[in-house]
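Notes for the structure review
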Amino acid sequence: MSTLASYSRWALGVVVLGVSVLAQPAVAQKTFDVSVLAGSCANCHGTDGRSQTVIPNLAGQPEDQLRQKLYDFKSDTPPANTTVMNRLVKALSDEQLDALANYFAQQPATLTQGAK
Ligand code: HEC
């Protein structure tokens with residue numbers, strides 16, 4: 001094998017490696033769809049947070065209040081009577097909690113007749 005051939009293969013390798021490193025986004029942007037996240041809450045809190053059960057209603061609560069409750073659940077000292085929410089919010093980023101608070105605050109607490 002000639003020196004030139006092995007050199008050019010090495011050079012090609014460097015170029016390919018360089019390009020693949022440059023192709024990575026500078027900052028990994030995490031994106032999420034809040035309506036998909038909110039869908040995971042519906043099993044317990046009802047469609048769009050309109051609860052028909054003893055589980056608290058989320059739809060139409062003030063955004064600040066919802067956000068504060070979510071942060072409280074995520075804190076090291078969740079409210080004493082918390083059963084599941086502290087574990088559920090652990091997997092969510094603060095950004096996702098903010099988006100969920102905003103989402104549920106915008107949902108109508110009651111549906112007007114005829115609306116689905
Ligand atoms: C397994 C059932 C379950 C799921 C799924 C669930 N929750 Fe809850 N949620 C509860 C229960 C039960 C409570 C009452 C607090 C507790 O016991 O943990 C609650 C309380 C809350 C509260 C406080 C409401 C209030 O007025 O005090 C908020 C806000 C909330 N949940 C948001 C969410 C969001 C957002 C999601 C989806 C990411 C979600 N929950 C998913 C069961 C659930």
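See the structure above.
What counts, and at which threshold
- Residues numbered from 1 in each chain as written.
- Predicted model: local features only at pLDDT ≥ 70, side-chain atom pairs only at ≥ 80, totals over all residues.
- Heavy atoms only, no water.
- Salt bridge = Lys/Arg side-chain N within 4 Å of Asp/Glu carboxyl O.
- Helix = DSSP H or I, 4+ residues; strand = E, 2+ residues; numbered from the N terminus.
- Near = heavy atom within 4 Å.
- Polar contact = N/O pair within 3.5 Å; in protein donor to acceptor, adjacent residues only side chain to side chain.
- 1 Å grid on protein atoms, 1.4 Å probe; cavity = no way out; pocket = protein on both sides within 12 Å on 5 of 7 lines; lining within 4 Å.
- Sits in = over half its atoms within 2 Å of the grid points.

Before going further, it helps to spend a moment on the pattern of salt bridges. A side chain of one charge can pair with a side chain of the opposite charge if their charged atoms are brought near each other. What the rule picks out here adds up to five salt bridges. Arg-67 is the salt-bridge partner of Glu-63, the closest N and O atoms lying 3.3 Å from each other. In this pair, Glu-63 and Arg-67 are both assigned in helix α4 (residues 63–74), four residues apart and thus about one turn of the helix distant. For Arg-67, the salt bridge is made with Asp-64, and the minimal N-O distance between the two is 3.5 Å. With Arg-67 and Asp-64 both in helix α4, this residue pair falls three residues apart, about one helical turn. Bridged by salt links that share partners, the residues Glu-63, Asp-64, Arg-67 and Asp-98 form one connected network.

Around the ligand, a shell composed of 21 residues is seen, among which Cys-41, Cys-44, His-45, Thr-83 and Met-85 lie nearest. Val-84 has a polar backbone atom sitting 3.1 Å from an oxygen atom of the ligand. More than half of the atoms belonging to the ligand lie within 2 Å of the grid points that define the largest pocket. Of all the elements in the fold, those that place two or more residues in the shell around the ligand are α3 (42–45), α4, α5 (85–90) and α6 (94–105).

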